[in-house]
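A closer look at the structure
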Amino acid sequence: MKEKATYCRMNPHGVFVNGRQKVSFNEIAVEDALTEMYRNLALEYPKFYKMDLLSKVAFLGVELLKTVDPSLVSTQNDDQIGLLFANSEGSTHTDMRFQESYLVDLLPSPSLFVYTLPNIALGEIAIRNKWHGAHMFAVFPNFVPVYYADHGKIMLEEGAKVVIGGWLDVREKLDALFFVMDEGLVNNRENILHFVSKCYSN
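In this text the structure is predicted, and so the values were computed from the model without any measurement. (Residues numbered from 1 in each chain as written. Predicted model: local features only at pLDDT ≥ 70, side-chain atom pairs only at ≥ 80, totals over all residues. Heavy atoms only, no water.)

**Some points on helix 2 (residues 53–68)**
When the terminal C-alpha atoms of helix 2 are compared, their 23 Å separation across 16 residues agrees well with the 22 Å that a helix rising 1.5 Å per residue should span. Here helix 2 lies mainly inside the structure; 15 of its 16 residues are buried. (Helix = DSSP H or I, 4+ residues; strand = E, 2+ residues; numbered from the N terminus. Expected span 1.5 Å × (residues − 1). Buried < 20%, exposed > 50% of the residue type's maximum accessible area, 1.4 Å probe, protein only.)

Below, the structure is given as structure tokens:
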């Protein structure tokens, strides 16, 4: 019986689920580590290779939660899964690469331009899973638990059975968190706030 995933952290050292290390990056480049992780998960989704770094991190974080806890999505309708993500940099990592494509290479890259909005990461997740529930991507200077508590509660009150939260910083160094909020948290905003804060601090 697989464990139930409530949160997943990614950092330069690897991937941790519920505080236990699941994948070691062995100090290799983040992009190479993500590709290796994709292959190890035995996913068949070739579009992954065309995604920008932000979308790859978001995509793999959600896929890992699904792998560890299949019931996360198998018992929900396609419109009952919400996505609530944020970071401190928007799509800066890709914006800079796109800028370089026309300043240095003198050829603006359409494949990069597609990813010059951070919410495209949510679009990639939704397309992959055929989810059409509520989703939101915000930008804050720092991790803001209240954002997840307030908007997560609203999503759960308005029909979502599960809300997957995410914090995705990739520009300076990999710092990503994914966590699952469900109906068991909906009745108490403080429960959500405590849960989210605990996930981030671990």
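From this point on, the discussion continues.
**Overview of helix 7 (residues 145–157)**
With 13 residues, helix 7 extends 18 Å between its outermost C-alpha atoms, agreeing within 8% with the 18 Å of an ideal straight helix rising 1.5 Å per residue. Among the residues of helix 7, those classed as buried are Tyr147, Tyr148, Ala149, Gly152, Met155 and Leu156. Check the buried side of helix 7 and you find it contacts strand 4 (81–87), strand 5 (135–139), strand 6 (162–169), strand 7 (175–182) and helix 8 (189–201). Within two residues after helix 7, glycine 159 carries a phi angle of roughly 125°, on the positive side. (Contact = heavy atoms within 4.5 Å.)

**A look at the side chain of lysine 66**
Considering the arrangement of structural elements, one finds lysine 66 in helix 2. Assessed through its relative accessible area of 17%, lysine 66 is described here as buried. For lysine 66, the side chain forms a polar contact with the side chain of glutamate 63, separated by 3.0 Å. Contact partners of lysine 66, with chain neighbours within four places excluded, come to Leu72, Val73, Arg128, Asn129 and Trp131. (Polar contact = N/O pair within 3.5 Å; in protein donor to acceptor, adjacent residues only side chain to side chain.)

**Examining the environment of aspartate 169**
You can see aspartate 169 is positioned in strand 6. The class of aspartate 169 is buried, set by a relative accessible area of 12%. C-alpha of aspartate 169 to C-alpha of alanine 86: the two residues are 83 residues apart in sequence and 8.5 Å apart in space. For aspartate 169, the residues in contact, after removing those within four places along its chain, are Asn87, Ser88, Glu89, Leu174 and Asp175. A polar atom in the side chain of aspartate 169 sits 2.8 Å from the side chain of serine 88.

**Section: the pairing of strand 4**
With seven of seven residues buried, strand 4 lies mostly within the body of the structure. What you see with strand 4 is no split at all: Ile81, Leu83, Phe85 and Asn87 on one side and Gly82, Leu84 and Ala86 on the other are buried throughout. For strand 4 and strand 6, the ladder comprises six bridges, and the chain directions are parallel. Looking at the pairing, phenylalanine 85 lines up with glycine 166 of strand 6. Pairing of strand 4 with strand 5 involves five bridges; the strand directions are parallel. Directly across from leucine 83, in strand 5, lies its bridge partner histidine 135. (Pairing = 2+ DSSP bridges.)

**Concerning the nonpolar core**
In this structure, Met10, Val57, Leu60, Phe85, Ile164, Leu168 and Phe178 are the most contacted members of the largest nonpolar core, which totals 43 residues. Looking at which element gives the most residues to this core, the answer is helix 2, with ten residues. Non-local contacts of leucine 168, meaning those with residues more than four positions away in its chain, are made with Leu54, Val57, Ala58, Phe85, Ala86, Asn87, Glu89, Phe137, Asp175, Ala176 and Phe178. Counting residues in hydrophobic clusters, the runner-up holds 22 residues, among them Ala86, Ala138, Met181 and Cys199. (Core = buried A, V, L, I, M, F, W, Y, C linked by side-chain atoms within 4.5 Å.)

Geometric values such as these leave the question of function open.
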